[in-house]
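Reading the structure
Residues per chain are reported as follows:
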Amino acid sequence: MTTVRVVVGGAVFDRGRLLAARRSAPPELAGRWELPGGKLEPGESARQALVRELREELGVEVEPLARIDGEWPLKPPYVLHVWTARLLAGEVRPLQDHDELRWLTPDRVDEVDWLEADRPAVAAAARLLSAG
Ligand code: DCM
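Now for a look at the structure at hand. Computed from a predicted structure; not experimentally measured. (Residues numbered from 1 in each chain as written. Predicted model: local features only at pLDDT ≥ 70, side-chain atom pairs only at ≥ 80, totals over all residues. Heavy atoms only, no water.)

**Here's the deal with the packing of aromatic side chains**
The criterion, for reference: Working definition: rings of Phe, Tyr and Trp (its six-membered ring) pair if their centres are within 6.5 Å, and the pair is stacked with planes under 30 degrees apart, edge-to-face with planes over 60 apart, and tilted otherwise. Remark: a charge is flagged as sitting over a ring if the NZ atom of Lys or the CZ atom of Arg is within 6 Å of the ring centre and within 35 degrees of the ring normal.
Within this structure, the stated rule accounts for 0 aromatic pairs. In this arrangement the basic side chain of Lys39 is found over the ring face of Tyr78, its NZ or CZ atom lying 5.1 Å from the centre.

**A closer look at unusual backbone geometry**
Just so we agree on the cut-off: Only DSSP runs of H or I covering at least 4 residues are called helices, and only runs of E covering at least 2 are called strands; the numbering of each starts at the N terminus.
Residue Pro26 is reached from Ala25 by a cis peptide bond, and omega for that bond is -15 degrees. Within the fold, Pro26 resides in the loop between strand E2 (17-23) and strand E3 (33-34). Going from Pro76 to Pro77, the amide bond is cis rather than trans, its omega being 10 degrees. At Arg15, a residue that is not glycine, the phi angle is positive and equals roughly 45 degrees. Here Arg15 shows up in the loop between strand E1 (5-14) and E2.

**Structural notes on the layout of surface pockets**
Rules: Buriedness for pockets is judged along seven lines, at least five of which must meet protein on both sides within 12 Å for an open set on the 1 Å grid over protein atoms alone, while cavities are sets there where a 1.4 Å probe fits but cannot get out, and lining residues have an atom within 4 Å of a point. Grid points are joined across faces, edges and corners, and a volume is the space filled by probe spheres set on the points. Asp, Glu, Lys and Arg are counted as charged, while Ala, Val, Leu, Ile, Met, Phe, Trp, Tyr, Cys and Pro are counted as nonpolar; the rest, among them Gly, fall into the polar class.
The space that makes up the largest pocket amounts to roughly 610 Å³. Mapped by element, the contributors of at least two residues to the lining of the largest pocket are E1, strand E4 (37-39), helix H1 (46-58) and strand E6 (78-89). Classifying every residue of the lining of the largest pocket by side-chain character gives 10 nonpolar, 3 polar and 10 charged.

**Considerations on the side chain of Glu34**
The line we're drawing: Two N or O atoms form a polar contact when they lie within 3.5 Å of each other; inside protein one atom must be a possible hydrogen donor and the other a possible acceptor, and for residues adjacent in sequence the pair counts only when both atoms belong to side chains. By definition, residues are in contact when any of their heavy atoms lie within 4.5 Å.
Examined against the element boundaries, Glu34 turns out to sit in strand E3. Within the structure, Glu34 has its side chain in polar contact with the side chain of Arg23 (distance 2.9 Å). Not counting residues within four places of it along the chain, the set of residues in contact with Glu34 comprises Ala20, Ala21, Arg23, His98, Trp114, Leu115 and Asp118.

None of the figures reported here should be taken as evidence of function without further support.
Rendered as structure tokens:
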């Protein structure tokens, strides 16, 4: 029996925009855009993992807000969960795993080539942003 392992992605909001991050690795994912995040470590909650990953990858502090309904399959045994999060402090910089970052208004989220798994959560995040 295999237990699923959670990768948590952050739909990071700041001043009405959503953060998109372009992956620099591995080669098969490089150039595609994602909601930044990563794997939960043993004993960690999704909120804790998201705060840690975004500190490591982007150099910022975020406050996780709420989980977006749904769970999306990645390479087994991983599944993607997405949480909205608010930027608390710092300027995002691509410190690890990414080579470009972009802040997108909700009408423009389709302008980047999102990884397939992220698309439903990106659409939900854009609806939340549009609703204010
Ligand atoms: N992944 C994804 N969308 C995200 C985060 C991760 O599709 N928002 C995928 C890419 C990798 C796997 O999850 O196949 C593990 O990610 P990482 O290499 O960042 O740990």
